[in-house]
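# Structural overview
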Amino acid sequence: MSILTIALSLIACGNSDDNSPGVPSTPDTPSNPTPPTSPDTGENHGGESDNGSNDTADTNWLPTGGAATIAADITRPFLQIIPNLPSNTLGGVSPGRELFITHWTPAGEGRVLFDGVGPLFNANACTQCHSAEGRKPVYAANGELNDAILFRLGNKQGLAHGYYGEQMQHQSITDSTGVKIATEGKMQYVNTAATDNTPAGIRFNFTPTDANQPLGDTAISGRISPQLVGMWLLNLIPAANIIAASDPDDSNNDGISGRVHWVNEGREQKIGRFGWKAINTSLRIQNANAMSQDMGLTTSVFMEPNCTVNQPICWTAANGGNPEVSDSSLDAVTDFMTALAVPERRTGDLQTFNKGANLFAQTGCASCHTPKQKTGDSIRFPLLSQQTIYPYTDLLLHDMGAGLDDGVKEKNAESFEWRTPPLWGIGIVARDAQARFLHDGRASTLTEAILWHGGEAEATKLRFKQLPSEKKETLLTFLQGI
């Protein structure tokens with residue numbers, strides 16, 4: 001698609017809540033899936049579980065993402081478009097995809113629609129971090145890191161670093177005179193061995209470009225890029241449902257005290273849904289935040305450069321406009337993310353899959369990774385209204401214990417609190433031997449990820465550890481299929 005064609009399409013996009021005219025071409029999509037709908041055999045139902053509970057799963061499976069479900073193409077499972085979207089909703093999807101895959105350039109290099117990246121950044125394209133195949137590799141040889149991990153900075157009081165700000169940027173542009181702007185520094189990793197109390201993990205070391213600007217007592221927290229799937233469906237879960245599921249004081253005495261992350265937006269408080277700590281309240285703001293912090297691109301949502309006042313280069317370097325990403329472009333990217341489909345579950349032997357679903361409930365995993373949700377109404381994409389979906393998340397913050405305490409408070413999320421990450425598609429990700437799990441990718445397997453759980457999930461972890469080997473394997477097989 002030519003730049004002129006994209007520009008004309010974007011003019012027609014308008015706000016992401018509008019029904020825009022025009023039907024730009026859309027990428028190839030997989031065929032509609034045939035989801036498993038066989039009822040549960042009844043085995044393991046009604047019997048007492050290993051933890052003494054009678055919890056059983058609802059195994060009358062509906063399509064994983066409701067009307068947004070596609071057949072599970074293992075080679076390209078993510079970043080695929082819902083196949084049955086009405087033509088009048090497609091105005092921004094195709095140009096949004098073009099903006100998503102393009103490599104943005106510094107200001108003044110002749111690509112007006114795609115310029116303004118940096119001067120400090122982590123990636124110059126969304127696809128540097130997000131892949132159609134799963135998750136991008138993070139850990140290279142000799143302690144080197146790839147682009148699909150970023151580092152948040154702060155302390156337990158929520159204060160960012162005075163020089164580097166709230167996120168480390170490890171890349172920089174070459175200015176108009178041909179001089180390479182200095183990066184903030186370099187991060188490397190060291191593998192840590194398993195102990196009696198913790199599985200193997202990762203430790204990070206930072207070398208500042210300017211030796212006079214150490215991190216000091218500021219903590220660093222790695223954040224890997226998750227797979228992108230069913231993003232708008234999460235946006236559509238009614239706030240009332242999220243609030244109803246919260247139990248901040250553990251009033252039912254089940255050991256789970258998930259709470260809503262209330263985020264201040266101007267004079268309003270809204271529910272945080274996106275990001276590892278649920279700091280973003282909508283998909284549009286999530287996209288704008290990634291453009292700002294990861295790519296150094298300003299939007300009407302975040303008009304300031306991604307630097308502190310102590311970094312003058314960001315304030316004096318040429319920019320790609322004010323803002324660098326127009327509202328129509330931001331809305332187009334949000335339309336593309338809205339249209340992302342959900343790969344259908346891979347059940348294999350349905351009886352074994354259902355046994356795994358029951359173990360998932362009985363060990364306590366489903367207490368936070370809520371299997372089933374229902375969307376509200378969508379004016380922009382009515383096909384996605386009132387859909388039963390299986391994201392395996394409650395979108396709440398939970399205390400995950402000292403082992404997962406990263407030392408960085410973000411907004412109202414404490415350093416030990418994490419949003420329950422959606423698990424749909426996690427089994428596809430786990431097929432890749434290089435895949436990593438948890439917020440910083442410290443876990444190299446799903447088992448390691450479970451064993452890192454603590455805090456509210458401590459009892460669940462212990463139940464998992466106490467399962468006989470055969471039942472552990474059944475539970476892991478279930479995770480491989482969702």
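These lines cover the structure that appears in this document, whether it is placed above or below.

Each value, and the rule that gives it
Residues numbered from 1 in each chain as written. Predicted model: local features only at pLDDT ≥ 70, side-chain atom pairs only at ≥ 80, totals over all residues. Heavy atoms only, no water. Helix = DSSP H or I, 4+ residues; strand = E, 2+ residues; numbered from the N terminus. Buried < 20%, exposed > 50% of the residue type's maximum accessible area, 1.4 Å probe, protein only. Contact = heavy atoms within 4.5 Å. Areas by Shrake-Rupley, 256 points an atom, 1.4 Å probe, with all protein chains shown as cover. Expected span 1.5 Å × (residues − 1). Core = buried A, V, L, I, M, F, W, Y, C linked by side-chain atoms within 4.5 Å. Salt bridge = Lys/Arg side-chain N within 4 Å of Asp/Glu carboxyl O. Pairing = 2+ DSSP bridges.

## Comments concerning the overall build of the protein chain
Across its full length, the protein chain holds twelve helices and 15 strands. Burial statistics for the protein chain: of 482 residues in total, 54% are counted as buried. In the protein chain, once contacts between residues fewer than 6 apart in sequence are set aside, the share between residues at least 24 apart is 68%. Carbon together with sulfur atoms contributes 50% to the accessible area of the protein chain, which is approximately 20000 Å² in total.

## Considering helix α8 (residues 350-362)
With 13 residues, α8 should cover 18 Å at 1.5 Å per step; its first-to-last C-alpha distance of 18 Å lies within 8% of that length. Among the residues of α8, those classed as buried are Leu350, Phe353, Asn354, Gly356, Ala357, Asn358, Leu359, Phe360, Ala361 and Gln362. Against α11 (458-466) and α12 (469-481) lie the buried residues of α8. Phi for Gly364, located one or two positions after α8, is positive at around 105 degrees.

## Some details on the nonpolar core
Leu145, Phe204, Met337, Phe478 and Leu479 are the most contacted members of the largest nonpolar core, which has 106 residues in total. Non-local contacts of Phe204, meaning those with residues more than four positions away in its chain, are made with Tyr139, Leu145, Ile149, Phe151, Met187, Gln188, Tyr189, Ile220, Gly222 and Asp440.

## Examining the environment of Trp232
Within the fold, Trp232 resides in helix α3 (residues 231-235). Taking relative accessible area as the criterion, Trp232 reaches 11% and is therefore assigned buried. Separated by 105 residues in sequence, Trp232 and Met337 have C-alpha atoms that sit 6.9 Å apart. Not counting residues within four places of it along the chain, the set of residues in contact with Trp232 comprises Leu283, Met337, Thr338, Ser378 and Leu384.

## Quick look at the pattern of salt bridges
A complete count under the given rule lists 17 salt bridges for this structure. A salt bridge links Asp440 to Arg442; the shortest N-O distance between them is 3.0 Å. The burial state of Asp440 is the same as that of Arg442; both residues are buried. Residues participating in the shared-partner salt-bridge network are Arg152, Glu166, Arg223, Lys277, Asp406 and Glu410.

## Concerning the sheet that holds strand β4 (residues 167-168)
Strand order in the open sheet formed by three strands is β4-β3-β8, with antiparallel pairing between adjacent strands. Each edge of the open sheet is held by one strand with a lone partner, namely β4 and β8 (219-224). Bridge count for strand β3 (residues 149-154) against β8 is six bridges, and the pairing is antiparallel. Within β8, the residue paired with Gly154 across the bridge is Ala219.

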